Amino acid sequence: MTAYASPHPPETRPRSARRAQRRSEPAPAGILPSRRPMLAAVAAAALAPFLTLLVLVSTQWEPLLSLDRSLATALYERVHPDPQFAHALEIWTEMFGTWAMRIVSLLTALWLFVRREFSTAVWAGTAVFLANLFGLITKLGVDRARPEFADPITVGVGPSFPSGHSLMAATGMGILLFAALPLLRGVWRHVAWTIAIGIALSTALSRPMLGVHWFSDIFAGVSLGVFTLAATMLLWTFLPPVARRWDRSSRSPR
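Definitions and limits used
- Residues numbered from 1 in each chain as written.
- Predicted model: local features only at pLDDT ≥ 70, side-chain atom pairs only at ≥ 80, totals over all residues.
- Heavy atoms only, no water.
- Helix = DSSP H or I, 4+ residues; strand = E, 2+ residues; numbered from the N terminus.
- Buried < 20%, exposed > 50% of the residue type's maximum accessible area, 1.4 Å probe, protein only.
- Axes fitted to C-alpha atoms, helices over the stretch in contact; angles between N-to-C directions.
- Parallel < 35°, antiparallel > 145°, perpendicular 65-115°, else oblique.
- Left-handed = near helix turned anticlockwise from the far one by under 90°.
- Contact = heavy atoms within 4.5 Å.
- Nonpolar A, V, L, I, M, F, W, Y, C, P; charged D, E, K, R; others polar.
- Polar contact = N/O pair within 3.5 Å; in protein donor to acceptor, adjacent residues only side chain to side chain.

Draft legend 1. Summary view of the environment of A74. Relative to the elements of secondary structure, A74 occurs in helix 3 (residues 62-79). With a relative accessible area of 43%, A74 lands in the partly exposed category. A C-alpha to C-alpha distance of 9.9 Å links A74 and P208, two positions 134 residues apart in sequence.

This is the structure in structure tokens:
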């Protein structure tokens, strides 16, 4: 019995024949069915605190507001007397802030497109678009005022809840991490996870330290970012094989 459906081994068949076979075959499932429960659990776990904070902030629940004020005052009193530390925080928060992470996310989507990971590029673009949309709708709907100090360290613009920097740091680093993981092996995968989580959390924490957000704002921003990533990735796993036909290869992040 021959091992090939074609009289030629795959590596010796004409390129046009190999291309035609790839087009006729469905793309491999990759992470599809096996990761759906995990993604659904992550999405639910991230959505729950976001919705809880949304209700508490909207109804002005005093215990939360009092905790926010106490944390804001404590962080301001720690950072304000140290201009060099404050300046370093400002640099860091803009390096990985809203616009920087939007650009990183879109460049990552473009890179995936160039690599012929077309369905994943569409996921990345969709995730960053929805994260910004959800954040904008929530900001305008809640319209929460930012912290105010007599001598502010820096000035924030627009409504406070949720933190856009926190939202986009979590979303942007998540997109970049997902794109990079298939290229990494062994310990480097753990290093990538550590760097991505570290950048996202430190960027979020820089916002209340600079006095431009309440602590609940950044918690809500990170939660919304994680929810958006997990929910869009969950939907991505349901793409039919025809939508992946032109992808260069299946993806199996861990």
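Draft legend 2. Focus on the packing of helix 8 (residues 187-209) against helix 9 (residues 215-236). Here helix 8 crosses helix 9 at 160°, and the two axes come no closer than 9 Å. Comparing their axes, helix 9 and helix 8 come out roughly antiparallel. The handedness of the crossing between helix 8 and helix 9 is right-handed. Of the residues in helix 9, those touching helix 8 at A204, L205, R207 and P208 are F215, I218 and V222. Of the residues in the contact of helix 8 with helix 9, the class split is six nonpolar, no polar and one charged.

Draft legend 3. Structural context of the side chain of T203. With respect to the helices and strands, T203 occurs in helix 8. A distance of 2.7 Å separates a polar atom in the side chain of T203 from the backbone oxygen of I199. Discounting residues that sit within four places of it in the chain, T203 has contacts with W92, T93, F96, H165 and A169.

Draft legend 4. Here's a closer look at the environment of A200. When you line up the elements, A200 lands in helix 8. The buried category is assigned to A200, whose relative accessible area is 10%. Between the C-alpha atoms of A200 and G174, which are 26 residues apart in sequence, the distance is 8.8 Å. Setting aside chain neighbours within four positions, we find A200 in contact with A169, A170 and M173.

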